[in-house]
Amino acid sequence: GQNIDQPTEMTATEGAIVQINCTYQTSGFNGLFWYQQHAGEAPTFLSYNVLDGLEEKGRFSSFLSRSKGYSYLLLKELQMKDSASYLCAVSAGTALIFGKGTTLSVSS
Amino acid sequence: GAGVSQSPSNKVTEKGKDVELRCDPISGHTALYWYRQRLGQGLEFLIYFQGNSAPDKSGLPSDRFSAERTGESVSTLTIQRTQQEDSAVYLCASSLGGNQETQYFGPGTRLLVL
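Structural notes, computed from the coordinates. (Residues numbered from 1 in each chain as written. Chains lettered and ligands numbered in written order. Predicted model: local features only at pLDDT ≥ 70, side-chain atom pairs only at ≥ 80, totals over all residues. Heavy atoms only, no water.)

### Considerations on the overall build of chain A
Part 1 of the reasoning: A tally of regular secondary structure across chain A gives 0 helices and 11 strands.
Part 2 of the reasoning: Beginning at the N terminus, the succession of helices and strands in chain A can be written as β-β-β-β-β-β-β-β-β-β-β.
Part 3 of the reasoning: Compactness check: chain A gives a C-alpha radius of gyration of 13 Å against a globular reference of 13 Å for 108 residues, within 12% of the reference.
Part 4 of the reasoning: Seen through its principal axes, chain A has C-alpha atoms that stretch 40 × 30 × 20 Å. (Helix = DSSP H or I, 4+ residues; strand = E, 2+ residues; numbered from the N terminus. Rg over C-alpha atoms; globule rule 2.2 N^0.38 Å.)

### Quick look at the sheet that holds strand S3 (residues 19-24) of chain B
Residue and element names in this part refer to chain B.
Part 1 of the reasoning: Strands sit in the order S1-S3-S8-S7 across an open sheet of 4 strands; the sheet is antiparallel. This sheet does not close on itself; its edge strands, each paired only once, are strand S1 (5-7) and strand S7 (65-69). Across the sheet, the mean angle separating the axes of adjacent strands is 15° when strand polarity is ignored.
Part 2 of the reasoning: Relative to strand S8 (residues 75-79), S3 runs antiparallel, the two being bridged by 5 bridges. Note on S8: the bridge partner recorded for Arg 22 is Thr 76. (Pairing = 2+ DSSP bridges. Axes fitted to C-alpha atoms, helices over the stretch in contact; angles between N-to-C directions.)

### What about the interface of chain A and chain B?
Part 1 of the reasoning: Contact residues are listed per partner, giving 20 residues for chain A and 20 residues for chain B.
Part 2 of the reasoning: Of all residues in chain A, Thr 94, Phe 98 and Lys 100 of chain A bury the most surface against chain B, accounting for 31% of the area lost on that side.
Part 3 of the reasoning: Counting the contacts that link chain A with chain B gives 4 residue pairs in polar contact (both at pLDDT 80 or more).
Part 4 of the reasoning: Put simply, the parts of the chain that give the side of chain A that touches chain B at least two residues each are strand S4 (31-37), strand S5 (44-49), strand S9 (84-91) and strand S10 (96-98) of chain A.
Part 5 of the reasoning: When residues of the side of chain A that touches chain B are assigned to their parent elements, the largest contribution, 3 residues, is made by S4 of chain A.
Part 6 of the reasoning: Residues of the side of chain A that touches chain B, tallied by class, amount to 11 nonpolar, 7 polar and 2 charged. (Contact = heavy atoms within 4.5 Å. Buried area = accessible area lost by both parts, 1.4 Å probe. Polar contact = N/O pair within 3.5 Å; in protein donor to acceptor, adjacent residues only side chain to side chain. Nonpolar A, V, L, I, M, F, W, Y, C, P; charged D, E, K, R; others polar.)

### A few points about a nonpolar patch on the surface
Part 1 of the reasoning: A contiguous nonpolar surface patch, about 280 Å² in accessible area, is contributed by Val 12, Leu 112 and Leu 114 of chain B.
Part 2 of the reasoning: The class of Leu 112 of chain B is partly exposed, set by a relative accessible area of 41%. (Patch = residues over 30% accessible without salt bridge, like charges linked within 9 Å, V, L, I, M, F, W, Y side chains within 5 Å. Areas by Shrake-Rupley, 256 points an atom, 1.4 Å probe, with all protein chains shown as cover. Salt bridge = Lys/Arg side-chain N within 4 Å of Asp/Glu carboxyl O. Buried < 20%, exposed > 50% of the residue type's maximum accessible area, 1.4 Å probe, protein only.)

### What to know about the packing of aromatic side chains
Residues and elements named next belong to chain A.
Part 1 of the reasoning: Applying the stated rule across the entire model yields 16 aromatic pairs over all chains.
Part 2 of the reasoning: Plain terms: the ring middles of Phe 33 and Tyr 48 are 4.6 Å apart, the flat faces sit at 35° to each other, and that makes the pair tilted. Separated by 15 residues along the polypeptide, Phe 33 in strand S4 and Tyr 48 in strand S5 bring together distant segments of the chain.
Part 3 of the reasoning: The partly exposed category is assigned to Tyr 48, whose relative accessible area is 23%. (Phe/Tyr/Trp six-rings, centres within 6.5 Å; stacked < 30°, edge-to-face > 60°.)

### With respect to the state of the cysteines
All names here are of chain B.
Part 1 of the reasoning: What the rule picks out here adds up to 2 disulfides over all chains.
Part 2 of the reasoning: Here Cys 23 pairs with Cys 92 through a disulfide, and the sulfurs are 1.9 Å apart. A torsion of -65° about the S-S bond marks the disulfide between Cys 23 and Cys 92 as left-handed. Linking Cys 23 in strand S3 with Cys 92 in strand S9 (residues 88-95), this pair joins segments that are 69 residues apart in sequence.
Part 3 of the reasoning: Take Cys 23: its relative accessible area is 0%, and that puts it in the buried class. (Disulfide = S-S within 2.5 Å.)

As structure tokens, this is what we get:
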């Protein structure tokens, strides 16, 4: 079967660093995506990993280990506006398979 | 427009009625996807279009659900004889191609079946 696991909720304070983990078991793998979704809004693209290693993009970085079926999203210098759900999704065919999302709450 | 648009943004209907949800993808994007997001759940794939053809309909939950795409552009998702369990946010996404291409999402249609 297809399974993507990520923590349900996380909390952090402004200025801190937070790591959101994602583990996956899928029948195929064409890449892993991270999306950000603010309440009531559309998911917006953050990052894409298809090879092992770290991809850095400003305050956000994403890591992939295909042998371990594992990825993480690293958010640095947290801001209040980073409070949102973070969705891990695997491309394993024609569509994306999504985890349930991790709701991150950033407090001052 | 610059992004994916969907209409209506909200829809309240009575159980048993039919509803039509519309998606306008980003111009030039050949791939179009429909997803459903129930409260507290992950996005659930419904159907994939490449051009006007739907090579993958495996996510449609029942024969009450159907979708079409015309002119390699607009898509309509139709739910017949709605049930309360159909209440969800229906999200449309488009991408330049398929598979590994980044999908860009619309704002969704919030459907409530009373």
